[in-house]
Amino acid sequence: MKKLMKGNEAIAEAAVRGGCRAFFGYPITPQNEIPEYMSWRQFEVGGAFVQAESEVAAINMVYGAAGAGARAMTSSSSPGISLKQEGISYICGAELPCVIVNMVRCGPGLGGIQPAQSDYFQSVKGGGHGDYRMLVYGPASVQEAVDIMYTAFDKADKYRMPVMILGDGMLGQIMEAVELPEMVDVASLPKKEWATTGEGHGATRRIINSLYIQPDALEEVNNRLFSRYKELADKEVMVEEYMVSDAEIIITGYGTVGRVAKSAVNQLREKGIKAGLIRPVTLFPFPAAAYERAASQDNVKQFLCVELSMGQMVEDVRLSVNGKKPVKFFGRSGGNVVTPDDIVSVVMNEVK
Amino acid sequence: MASIKISRESCKGCGLCVRVCPKKILRLSKESNNSGYFAVEIFAPESCTGCASCAVMCPDCVIEVER
Amino acid sequence: MATVFKKTDMLTEVPFHYCPGCTHGIAHRLVAEVLDEMGCQNNVVGVAPVGCAVFAYNYFNCDMQQASHGRAPAVASAIKRVAPQNIVFAYQGDGDLASIGMAEIVHSASRGDNITVVFINNAIYGMTGGQMAPTTLIGQTSTTCPGGRCAAQNGNPIRVCEMLATLDGPAYIERVSLADVPSIRKAKKALQKAFNCQKEGKGFTLIEMLSSCPTNWKMTPEQALDYTKNEMQQIFPLGVFKEVK
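Every value quoted in this text rests on a predicted model; they were computed, and no experiment measured them. Residues take numbers from 1 onward in each chain, read along the sequence in its written order. Chains and ligands are labelled sequentially in the order written, the chains with letters from A and the ligands with numbers from 1. Note on the predicted model: pLDDT of at least 70 is required for a residue's local features to be given, and 80 or more for side-chain atom pairs to be given and counted; whole-chain, interface and lining totals, by contrast, use all residues. Calculation of side-chain values draws on the structure's entire complement of heavy atoms; hydrogens and water are dropped beforehand.

Chemist: Tell me about the environment of alanine 171 of chain C, residues and numbers included.
Modeler: Following the sequence through the fold, alanine 171 of chain C ends up in the loop between helix 7 (160–164) and strand 8 (172–177). Placed 31 residues apart in sequence, alanine 171 of chain C and lysine 202 of chain C show a C-alpha to C-alpha distance of 5.9 Å. Strands here are runs of E lasting at least two residues and helices are runs of H or I lasting at least four, both read from the DSSP assignment and numbered beginning at the N terminus.

And the structure:
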C-alpha cells in the first residue's frame, strides 16, 4: 500500500528498513526531518541515535559505529558535508561502509537554504583529501530515493565504501506517495570479519585504520580502492534514457532537474522538436557510456546539460561526449530552480 | 632471593629504572645494544629485593621480576 | 621463585616506538594491565588518537580503531553505543583532546558516554616536533613559543579535569602523575576505578596522566620527571575531581 510521505522522512524510514541501526546527525536545513525522524525511530528498533555536537563529530561517530560493524549513517546539507569531508576521507581510507545523505543547499559559504546541485564536485570527485571516491546516487523522486536508500547499505557493505545519496531541498521537502519495502532482518546479515566487535585478541584482533607510513603499503590501498571503483563502473551504473533513439538534442540533468528536464522533453516533442533525455541516476560511477552512445548517433546534433549550479556535471558530460558533439550548458544558481518552460525556451531560442 | 631479567635489546637506555632502584644496583652499560642504546644492567644482583620498582618505572616493559 | 612482574598479554610483542624515557609506554602498560586483570581480553575496543600515540593500535592486544585528530571520544561513543557489552576506551594526548578535540571531549563527558578516556598531558605537541600545546605551561618553551609561553600572547594552559568536573555527565575524573613509582601505582588504581565505573554503567570516566616528553622538552629523561613533579604538578594538581558514588 502506498503512503504519502515527505522525502526526508521516507528516506529515513527506508534506511531503517534497509538495516540502519546507528544514526548520527546535526541540525541543518533542509534535512532536519531525517535526524528528527531517526531520533524516535532508532529508539523503536533498538538502534543508536545521537544528535552530535557538530557535523565533524557526527561523521566520526559514523566511522566508529561502522568500524564496529553496524549499519551506520548520517545526513546533512552542503556546509555540513564540507565539514564531514575529512571524516569521509578517513572512512574511505579505512574501507568502511556507511551511508551519507546530502540534501544540497545553495552556496558558496552559508549560501541559502534553497535547492541546488552545487555539491556535485564535492560528492563525485572525492571532496576531501587524498585519492578516493564513493558510490553517489542522484534520485529524482521520493520513490526512487526510497528504493536507492533501501539497498544502499548492501552496496556499502559489498564494496566497503560510503554511499552518498545526493538530493536537494526539493527532494527532501516534497510529499509523494511511496511504496515502502519490507524490514530487513538485521540479525541475518553476514558477519563482518574485519569489524571491531571487541572479541579480537592476538591473531584475531582487528584494526580500523587509514595510516600507512610505507609508500608501497599506501599505494596498495589506493590501488585496491580504485579497482573497486572500476568494479562499480562495470556493475553499478544506473541511468534513465528517454526518447534518445531518434533525438536531435539530448537534454541531460540529474536529480530533481532530471525530472524537470523530462517534462521539457515532452513539451518539446509536442512542439515537434526531437528532444531526448539522459538522466544519470548514479553520479559516480558516471554513466559515460550512455553519452558516448548518444554522441555516436548521427541524429544527435547536440547536448544541453541543465543543472542547479554554475556548471559542474557538465564537465563529466563533456568528457563523455569527448568532443564528438557540442555540449551546451544552462544553469540557475542561488536557489533558483529551473522549470520545464525555462528549458524549452533555452532550446527554442538559443540552442536550436 | 629475587632476580630481574632485562631484555637488553629492547632497552632504550633511558635510565629511569636506575633512578628509582632503592638498592642502587642498576647502571647503564658502557656497550651499546644493536639499536645503539646503552642498555641497563644489574651489577649487584645479589642485593636485588624483587621490589619491581625498576619494572614499574620502565616505559618499555623490558624488565621481568622474580621473587 | 615466582614471576612477580612481566609484560602483560594485553600488550602485543611490538616494541613501543616512543623516545627513550617517554612515559607513554608506562601509560600503555597500566591500561593494558588493568584490562587484563579485569578479564577483558575478548570484550574491549580501544581508540587511538592522532599524535605520538597514533600507533597505539599496534600495541594494545585488542580490537582497535584509529580516530582522526581530536575525534576519539566521538568514535568511542559510537563504538560503545552499538555494542554496549564491550569496554571501550579512548587514548588521547593534550593537543588531540584539549585543542582540536575540545568539543568532542566536552560533549562526550556531558552526555555521560559510558567510556573511559585516558588523557596523556605532556604539555607539548610531541609527534609534530614540540609545538605549543593548550596545556603548555606559562614560561615553558616550545618551537612555536620559543621565548616561553606568554599568557598575553598565547593564552593560558587549560585544566581539563577541573573543567570537565563542572559537568553533570562524568562519573569519575582523576589527575595522576607518572613521575615516580608511587605515583604510577596510584595511576593504576585510578584506571581500575575508571574502568570499573564503566563496567558498572556509571558513565563517562577520564584519567589525566601527567606525562613527560624529554625529547621536545630538551631534557634528559630524569630531568623531565623532575619537571613533571616540580613544575607541571603546580599548575595541574593531582587528585580526584569528580566521583559519583
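Chemist: Give a description of the pattern of salt bridges that names residues and reports values.
Modeler: Close approach of charged atoms allows side chains of opposite charge to pair. By definition, a salt bridge exists where a carboxyl oxygen of Asp or Glu is found within 4 Å of a side-chain nitrogen of Lys or Arg. Summed over the entire model, instances satisfying the criterion amount to 38 salt bridges over all chains. For lysine 230 of chain A, the salt bridge goes to aspartate 234 of chain A, with nearest N and O atoms at 3.2 Å. Here lysine 230 of chain A and its partner aspartate 234 of chain A are both found in helix 8 (residues 215–235), 4 residues apart, which amounts to about one turn of the helix. Only protein chains enter the accessibility calculation, which uses a 1.4 Å probe; a residue is then buried when its area is under 20% of its type maximum, exposed when over 50%, and partly exposed in between. Since its relative accessible area comes to 55%, aspartate 234 of chain A is described here as exposed. The residue glutamate 208 of chain C makes a salt bridge to arginine 175 of chain C at a minimum N-O spacing of 3.0 Å. Within this pair, whereas glutamate 208 of chain C is found in strand 9 (residues 205–210), its partner arginine 175 of chain C is found in strand 8, the two being separated by 33 residues in sequence.

Chemist: Please give an account of the interface of chain C and chain A that cites residues and values.
Modeler: In this description, contact between two residues means that some pair of their heavy atoms is separated by no more than 4.5 Å. With 35 residues of chain C at the contact, the number on the chain A side is 35 residues. Applying the counting rule to chain C against chain A returns 2 salt bridges. For aspartate 63 of chain C, the salt bridge goes to arginine 206 of chain A, with nearest N and O atoms at 2.8 Å. Elements with a contribution of two residues or more to the side of chain C that touches chain A: strand 2 (44–48), helix 2 (56–59), strand 3 (63–66), helix 3 (72–82) and helix 5 (102–111) of chain C. Top element by residues in the side of chain C that touches chain A is helix 3 of chain C. It accounts for 6 residues.

Chemist: So, the pairing of strand 8 of chain C: which residues are in play, and what are the values?
Modeler: Residues and elements named next belong to chain C. Among the 6 residues in strand 8, 6 count as buried, and that is most of the element. Alternating positions in strand 8 separate into two faces, Tyr172, Glu174 and Val176 on one and Ile173, Arg175 and Ser177 on the other, with burial throughout. Summarising the sheet, strand 8 and strand 10 (residues 239–243) pair through 4 bridges and their orientation is antiparallel. Within the sheet, the bridge partner assigned to tyrosine 172 lies in strand 10 and is glutamate 243. Handedness is read with the strands pointing away from the viewer; a crossover is right-handed when the path from the first strand over the helix to the second is clockwise. Handedness of the crossover joining strand 8 and strand 9 through helix 8 (residues 181–199): right-handed. In short, DSSP must find at least two bridges between two strands for them to pair.

Chemist: Report on the nonpolar core, specifying residues and quantitative values.
Modeler: Judged by nonpolar contacts, the single largest core of 121 residues is most densely connected at Phe24, Met38, Met73, Met149, Phe303 and Met313 of chain A together with Leu206 of chain C. Among the elements that line this core, the one with the most residues is helix 6 (residues 142–159) of chain A, at 9 residues. Domain borders in the structure are assigned automatically or taken from a domain database. Domain assignment of the residues forming this core places at least three in each of domain 1 (3–235) and domain 2 (240–351) of chain A. Once residues lying within four places of it in the same chain are set aside, the contact partners of methionine 313 of chain A are Tyr120, Thr252, Gly253, Tyr254, Pro280, Leu283, Phe286, Tyr291, Cys305 and Glu307 of chain A. As used here, the term nonpolar core means buried Ala, Val, Leu, Ile, Met, Phe, Trp, Tyr and Cys residues forming a set that is joined through side-chain atoms within 4.5 Å. Judged by nonpolar contacts, the second largest core, of 69 residues, contains Cys17, Val40, Ala44 and Cys61 of chain B.

Chemist: Could you give an account of the side chain of arginine 29 of chain C, with specific residues and numbers?
Modeler: Examined against the element boundaries, arginine 29 of chain C turns out to sit in helix 1 (residues 24–37). Counted as a polar contact is a pair of N or O atoms within 3.5 Å, where, for protein atoms, one must be capable of donating a hydrogen and the other of accepting one, and residues adjacent in sequence contribute only when both atoms are in side chains. Looking at arginine 29 of chain C, its side chain comes within polar contact range of the main-chain oxygen of valine 56 of chain B, at 2.4 Å. In this structure arginine 29 of chain C touches Ala55, Val56, Met57, Cys58 and Cys61 of chain B together with Phe5, Thr8, Leu11 and Ile184 of chain C, once residues within four positions along its chain are discounted.

Chemist: Explain the domain arrangement of chain A residue by residue, including any values.
Modeler: Residues and elements named next belong to chain A. Assigned domains within chain A: domain 1 (3–235) and domain 2 (240–351). Once you take the C-alpha centre of each, domain 1 and domain 2 turn out to be 28 Å apart. If you sort the residues of domain 1 by the area they bury against domain 2, Gln117, Tyr120 and Ala140 come out on top, with a joint share of 31%. At the surface where domain 1 touches domain 2, the tally comes to 3 salt bridges. Between glutamate 176 and arginine 259 there is a salt bridge, with its nearest N and O atoms 2.2 Å apart. Inspection of the domain 1/domain 2 interface yields 15 residue pairs in polar contact (both at pLDDT 80 or more). Residues of the side of domain 1 that touches domain 2, tallied by class, amount to 20 nonpolar, 5 polar and 6 charged. Note on definitions: buried area is the accessible-area loss of two parts on being combined, 1.4 Å probe, summed for both. Each residue gets one of three labels, nonpolar for Ala, Val, Leu, Ile, Met, Phe, Trp, Tyr, Cys and Pro, charged for Asp, Glu, Lys and Arg, and polar for the others, Gly among them.

Chemist: Report on the sheet that holds strand 9 of chain C, specifying residues and quantitative values.
Modeler: Ordered by their spatial adjacency, 8 strands build an open sheet running 9(A)-3(C)-2(C)-4(C)-5(C)-9(C)-8(C)-10(C), and the pairing between neighbours is mixed. In the strand order of this sheet, the two ends are held by strand 9 (207–208) of chain A together with strand 10 of chain C, each with one partner. In this sheet, strand 5 (residues 116–121) of chain C lies alongside strand 4 (residues 87–93) of chain C in parallel orientation, the contact comprising 5 bridges. Looking at strand 5 of chain C, one finds that phenylalanine 89 of chain C is bridged to threonine 116 of chain C.

Chemist: So what's going on with the interface of chain C and chain B? Which residues, and what values?
Modeler: Contact residues are listed per partner, giving 29 residues for chain C and 25 residues for chain B. Carbon and sulfur atoms make up 63% of the surface buried where chain C meets chain B, a total of about 2,300 Å² over both sides. Of all residues in chain C, Met1, Val4 and Phe5 of chain C bury the most surface against chain B, accounting for 27% of the area lost on that side. In this assembly, chain C and chain B are joined by 2 salt bridges. Here arginine 19 of chain B and glutamate 222 of chain C are joined by a salt bridge, their closest N and O atoms 3.3 Å apart.

Chemist: Could you give an account of helix 4 (residues 78–93) of chain A, naming the residues involved and the relevant values?
Modeler: Residue and element names in this part refer to chain A. Taking 1.5 Å per residue as the helical rise, helix 4 with its 16 residues ought to reach 22 Å, and the 22 Å between its terminal C-alpha atoms agrees with that figure. Its axis deflected by about 45 degrees at lysine 84, helix 4 carries its strongest bend there. Of all 16 residues making up helix 4, 12 are buried, and the element is well covered by its neighbours. For helix 4, the full list of buried residues reads Ser78, Gly80, Ile81, Lys84, Gln85, Gly87, Ile88, Ser89, Tyr90, Ile91, Cys92 and Gly93. Looking one or two residues past helix 4, glutamate 95 carries a phi angle of roughly 60 degrees, positive in sign. The span expected for a helix works out to 1.5 Å for each residue beyond the first. For a residue, the bend is simply the angle between two axes, fitted respectively to the seven-residue segment ending there and the seven-residue segment starting there.

Chemist: I'd like to hear about the state of the cysteines, residue by residue, with values.
Modeler: Throughout, a disulfide means two cysteine sulfur atoms within 2.5 Å of one another. The full count for this structure, using the stated rule, is 0 disulfides over all chains. Among the cysteines around cysteine 14 of chain B, which has no disulfide bond, cysteine 17 of chain B carries the closest sulfur, lying 6.2 Å off.

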